[in-house]
Each structure stands twice: as C-alpha cells, then as structure tokens.
Amino acid sequence: MASITASADVDIDATSSSPAAWGALYAMTLCTFVLVASEFMPISLLSPIAHDLHLTEGQAGQAISISGLFAMVASLSLSRVIGRRDRRHVLLALTALLVVSGSLVALAPNYALLMAGRALLGIAIGGFWSMSAAIAMRLVPPASVPKALAVLNGGSAIAAVVGAPAGSFLGGLIGWRGAFFCVVPLAVAAVIWQAVSLPRLPYRERTSGTGFMTLLRRRSVLIGLLGSALFFMGQYSLYTYLRPFLERVTGVGVSTLSSLLLLIGVSGFIGTMLVGRVIGRKLHLALAVFPAVLALVAVGLTMFGSSVAIVAALLALWGLFATSAPVGWWTWVTRAAPDDPEAGGGLVVAIVQFSIMAGAAGGGIIYDAFGPQTEFLASAAILLAAVPIALLSRTAPSAVS
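About the cut-offs
Residues numbered from 1 in each chain as written. Predicted model: local features only at pLDDT ≥ 70, side-chain atom pairs only at ≥ 80, totals over all residues. Heavy atoms only, no water. Helix = DSSP H or I, 4+ residues; strand = E, 2+ residues; numbered from the N terminus. Buried < 20%, exposed > 50% of the residue type's maximum accessible area, 1.4 Å probe, protein only. Contact = heavy atoms within 4.5 Å. Areas by Shrake-Rupley, 256 points an atom, 1.4 Å probe, with all protein chains shown as cover. Lys, Arg positive; Asp, Glu negative; His and termini not counted. Salt bridge = Lys/Arg side-chain N within 4 Å of Asp/Glu carboxyl O. pLDDT = per-residue confidence, 0-100. Patch = residues over 30% accessible without salt bridge, like charges linked within 9 Å, V, L, I, M, F, W, Y side chains within 5 Å. Arc of directions from axis to C-beta. Axes fitted to C-alpha atoms, helices over the stretch in contact; angles between N-to-C directions. Parallel < 35°, antiparallel > 145°, perpendicular 65-115°, else oblique. Left-handed = near helix turned anticlockwise from the far one by under 90°. Nonpolar A, V, L, I, M, F, W, Y, C, P; charged D, E, K, R; others polar. Phe/Tyr/Trp six-rings, centres within 6.5 Å; stacked < 30°, edge-to-face > 60°.

1. What to know about the overall build of the protein
- Looking only at helices and strands, the protein has 16 helices and 0 strands in total.
- For the protein, the proportion of its 401 residues judged to be buried stands at 55%.
- Put simply, 84% of the contacts in the protein that link residues at least 6 apart link residues at least 24 apart.
- Approximately 16100 Å² of the protein is accessible, and the part contributed by carbon and sulfur atoms is 69%.

Have a look at this one:
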C-alpha cells in the first residue's frame with residue numbers, strides 16, 4: 001500500500017472510508033527510533049559519564065532505571081492528565097520532550113540535571129508507547145493494524161541494531177555529550193515530520209464504564225497482562241546479563257561480542273518486519289510461541305555456552321523472536337481493549353516497564369548468588385510459565401481484522 005501524507009487539518013478515522021495515513025505512521029516510527037536509541041544509549045557510555053560527572057558506574061546506571069520509572073508512571077497517568085486534548089497535539093508535545101531531554105543530558109553539569117533529563121525521557125517513552133496502539137488504529141484500516149504496529153516497532157528494532165554500537169563509536173569520537181546531542185536533530189526532525197503528516201486526532205468519547213479499572217475487571221485482559229508480564233520479566237532477566245555471560249562462559253573478546261550483539265539486532269529487525277504478516281486469527285498461539293522459543297534458547301545457552309558457533313545461532317533465534325514479540329502484544333491490546341485502547345496501552349506499558357525492572361533486579365540477585373547458568377535457567381522457567389498463560393489470552397480477531 002502506498003504511503004500517503006495527510007494534511008494536518010484532516011481528521012482520519014480508520015473505521016471510515018478515508019485513506020490510511022501511512023506517512024504519519026512512518027513519522028511516528030522515526031520517533032520510536034529516537035526513543036529507544038535515547039533510552040539505551042547510556043549502556044555503552046556508562047564509564048565516560050561516570051568519570052566526567054564524578055560518579056560510580058552504578059550511579060550512572062541509574063539513568064536507565066529513572067527513565068523506566070517515569071515511563072511507568074506516565075503510562076498510567078497520561079490519559080487522565082491530557083483529558084480531551086487533541087491526541088495529535090499530545091504526541092507532538094511528547095516528541096518535543098525528546099529534544100529537551102537530549103539537550104539537557106548532553107549539557108548536564110551534574111548528576112541532578114542528568115537524572116532530570118532522563119526523567120523527561122521516561123515521560124516521553126511512557127506517554128508515546130501508551131498512545132501508539134490507539135493512534136495506529138485511527139491511522140490505518142482495521143485489517144492493517146498488525147502491519148502498522150510492526151512498522152512502529154521497526155523503529156525500535158533499528159535502534160536496537162545501531163543504538164549501542166553508534167553510541168560507543170560516537171562517544172569515542174566526540175565524547176559522551178556529543179553522542180547524546182546527536183539524537184536532538186533526529187528528535188527535531190520527528191517533531192516536524194509528525195506536525196506535517198499527522199491528521200487531527202480529536203478526543204473520542206469512551207464507551208460507558210471504560211478505563212483502567214473496568215479493563216482490569218475483564219478476565220481476558222488480566223490473563224493477557226499476566227502473560228506479558230511473565231514474558232518480559234523472563235526476557236530481560238536473561239538479556240540484561242547476556243554480556244557478562246558471553247565474556248565469562250563463552251569467552252569472547254570485544255570484537256566478537258560486538259558482532260554477536262549486532263547479530264541479535266539484525267535478526268530482530270528481520271523478525272519485526274515479518275511478524276506483522278503472520279499474526280492473524282491465531283494470535284494467542286503466536287504469543288505462546290515467543291516465550292517457548294526464548295526458553296529453549298535460554299536452556300541451549302546453558303548447555304552449549306562454550307561454543308561460539310552454537311551461541312551465535314541461538315542468539316540469532318533470540319533476536320528474531322524477542323524483538324518481534326512486542327508487535328504481538330500490541331496487537332493483543334487492540335483486540336482485548338478495542339473500546340479503550342489508550343487505557344489498554346497504558347496498562348501494557350506499565351506492566352512491561354515494571355517487568356523489565358523486576359527481571360533485571362531479580363536476575364542480578366540470582367546471577368551474583370548462583371552464577372550465569374542458574375540465572376539463565378531461572379529465566380527459562382519464567383518464560384515457560386508464560387506459555388500456558390499466553391494460550392489463554394484468546395481475543396476476538398474481528399477487533400482488527
């Protein structure tokens with residue numbers, strides 16, 4: 001389907017016969033790229049940040065935790081704060097926060113302003129992702145929603161491929177401040193592109209009784225949220241500690257490590273581009289396959305972790321399924337809460353952010369106490385627990401197809 005750019009004063013409703021606003025969706029995809037690249041850039045720049053601001057690396061690492069915390073809070077409170085405002089204006093404001101956040105972090109003279117900049121990034125992350133599924137449903141026809149969500153997640157997949165390597169390279173070339181400031185022009189471009197291409201998105205009256213509490217009373221929503229929580233907790237309890245596993249167990253050097261991480265990113269990008277084509281009426285089966293494959297990969301890593309070739313093959317599978325899985329869960333949101341996708345999106349973002357923090361924290365305790373193999377097996381157990389839950393998360397396909 002050809003990409004079209006809608007004028008800013010046109011209200012497109014995907015339920016009507018209006019053409020799909022793919023141009024606006026691609027503009028949002030640029031925003032997802034900037035969001036994810038900004039969120040995880042500190043991972044490759046912790047040492048220079050800590051040295052320059054006279055911090056420990058642990059303190060510098062909290063720059064990631066603070067953005068996750070504020071993203072969780074924003075995802076749960078945004079709909080109440082923005083009220084009846086045009087969602088186009090809200091989206092532009094959230095994207096503009098990326099400009100402010102990137103500039104503040106790049107110029108931060110001390111720890112307090114660094115954390116303030118990262119907190120603003122967290123608000124942008126939580127707000128944007130909680131609204132993304134609802135807006136995608138309004139920009140494209142119902143049958144194209146899975147494809148639209150795959151396109152949106154393609155931005156984050158590309159960021160996963162180039163974000164950390166680019167941050168490390170730019171940090172060595174122009175310093176960590178220059179590396180952070182490089183995202184600012186991209187954020188400005190995202191603001192301008194969305195301002196030109198996004199249609200009016202006026203507030204829609206909710207169906208009577210919708211909102212967080214009403215959604216949480218639905219058995220299908222609770223099951224799906226539990227399944228997503230277990231999936232992301234299991235995923236990040238392993239992924240957070242993948243680098244020390246590869247260095248300690250597989251025994252790879254820096255160049256091989258970079259190649260393996262790049263392999264995960266490339267396979268993840270491929271998976272994200274393909275997943276929208278295979279998610280259909282059997283969405284719950286797809287949601288069960290994701291954790292099942294990742295659990296097998298986790299077990300395989302503990303068994304064959306000393307073989308670089310086998311580890312590379314397993315990590316390619318990991319990237320293929322782990323990076324594309326969010327597309328499945330965002331599609332589930334549009335089906336489980338078609339009457340209030342903003343509230344549904346907010347709940348999923350909050351659950352994902354909490355699960356990432358819990359998985360990383362719990363995984364760290366197990367890793368320190370029992371070693372990487374035990375920690376990876378614990379991750380596999382959590383992922384396997386997500387499989388039967390996902391099978392029960394059946395939703396009506398008519399919601400989007």
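There is more to say, and it comes next.
2. Let's talk about the side chain of Glu375
- Here Glu375 shows up in helix α16 (residues 372–391).
- For the buried Glu375, no salt bridge exists, and the shortest N-O distance to an oppositely charged side chain is 10 Å, to Arg248.
- Look past the residues within four positions of Glu375 in its chain and what remains in contact with it is Ser237, Leu238, Tyr241, Gly363, Ile366 and Tyr367.

3. Describing the confidence of the model for the protein
- Residues at a pLDDT of 70 or more form 85% of the protein, whose mean pLDDT is 80.
- Low pLDDT (under 50) marks residues 1–17, which in the prediction has 54 contacts with non-local residues, meaning those over four places away or in another chain.
- Every residue in residues 396–401 is under pLDDT 50, and counting partners more than four places away or in other chains gives 14 contacts.

4. Some remarks on a nonpolar patch on the surface
- A cluster of nonpolar residues, Ile158, Val162, Leu262, Val266, Phe269, Ile270, Met273 and Leu274, forms a patch on the protein surface that exposes about 580 Å² of accessible area.
- Among the elements of the structure, α6 (145–181) and α11 (254–278) are those that each provide at least two residues to the nonpolar patch.
- Along the chain, the position of Val162 falls in helix α6.
- Accessibility expressed as a relative area gives 34% for Val162, which makes it partly exposed.

5. Quick look at the environment of Ile123
- Residue position: Ile123 is located in helix α5 (residues 111–139).
- For Ile123, a relative accessible area of 28% gives the class partly exposed.
- Expressed as a C-alpha distance, the spacing of Ile123 and Gly68, which sit 55 residues apart in the sequence, is 8.9 Å.
- Ignoring sequence-local partners within four residues, the contact set of Ile123 consists of Phe70, Ala71, Ala74, Leu94 and Leu97.

6. A few points about helix α10 (residues 242–250)
- All of the buried residues along α10 are Leu242, Phe245, Leu246 and Thr250. Axial view of α10: buried residues confined to an arc of 95°, hence all on one face.
- Positive backbone phi, at 75°, marks Gly251, one or two positions downstream of α10.

7. Let's talk about the packing of helix α1 (residues 22–40) against helix α7 (residues 183–197)
- Orientation of α1 relative to α7, taken along the N-to-C sense of each, is 155°, at an axis distance of 9 Å. What the angle tells us is that α1 and α7 run roughly antiparallel. For the element pair α1 and α7, the recorded crossing hand is left-handed. Contacts from Gly23, Ala24, Tyr26, Ala27, Met28, Leu30, Cys31, Phe33, Val34 and Ser38 of α1 reach α7 at Val183, Leu186, Ala187, Ala189, Ala190, Trp193, Gln194 and Ser197.
- Grouping the constituent residues of the contact of α1 with α7 by class yields 14 nonpolar, 4 polar and no charged.

8. Topic: the side chain of Ser67
- Mapped onto the secondary structure, Ser67 falls in helix α3 (residues 57–82).
- On the accessibility criterion, Ser67 (0% relative accessible area) is buried.

9. Things to note about the packing of aromatic side chains
- Tallying each qualifying case throughout the model produces 9 aromatic pairs.
- When the centroid spacing of 5.6 Å and the interplanar angle of 25° are considered together, the rings of Tyr241 and Tyr367 count as stacked. Of this pair, Tyr241 sits in the loop between α9 (219–239) and α10 while Tyr367 sits in helix α15 (residues 341–370); the two residues are 126 residues apart in sequence, bridging distant segments of the chain.
- Look at Phe290 and Phe321: their rings are 6.3 Å apart centre to centre, the planes differ by 65°, and that puts the pair in the edge-to-face class. Of this pair, Phe290 sits in helix α12 (residues 283–304) while Phe321 sits in helix α13 (residues 308–322), and the two are 31 residues apart along the sequence.
- On the basis of relative accessibility, which here comes to 19%, the residue Phe321 falls in the buried class.

10. Some words on the environment of Leu76
- Relative to the helices and strands, Leu76 resides in helix α3.
- Assessed through its relative accessible area of 34%, Leu76 is described here as partly exposed.
- When the C-alpha positions of Leu76 and Gly127 are compared, they lie 8.7 Å apart, and in sequence the two are 51 residues distant.

11. Comments concerning the packing of α12 against α13
- Interhelical geometry of α12 versus α13 gives an angle of 160° and a closest axis separation of 9 Å. By the criterion of interaxial angle, the relationship of α12 to α13 is roughly antiparallel. As for the relative orientation of α12 and α13, their crossing is left-handed in sense. Residues Val289, Phe290, Val293, Leu294, Val297, Gly300, Leu301 and Phe304 of α12 pack against Ile310, Val311, Leu314, Leu315, Leu317, Trp318, Phe321 and Ala322 of α13.
- Within the contact of α12 with α13, the residues separate by chemical class into 15 nonpolar, 1 polar and no charged.

12. What to know about the environment of Ala358
- Structurally, the position occupied by Ala358 is in helix α15.
- Between the alpha carbons of Ala358 and Ala229 there is a distance of 9.7 Å; along the sequence they are 129 residues apart.
- Sequence-distant contacts of Ala358, that is, excluding residues within four places in its chain, are made with Met233 and Gly363.

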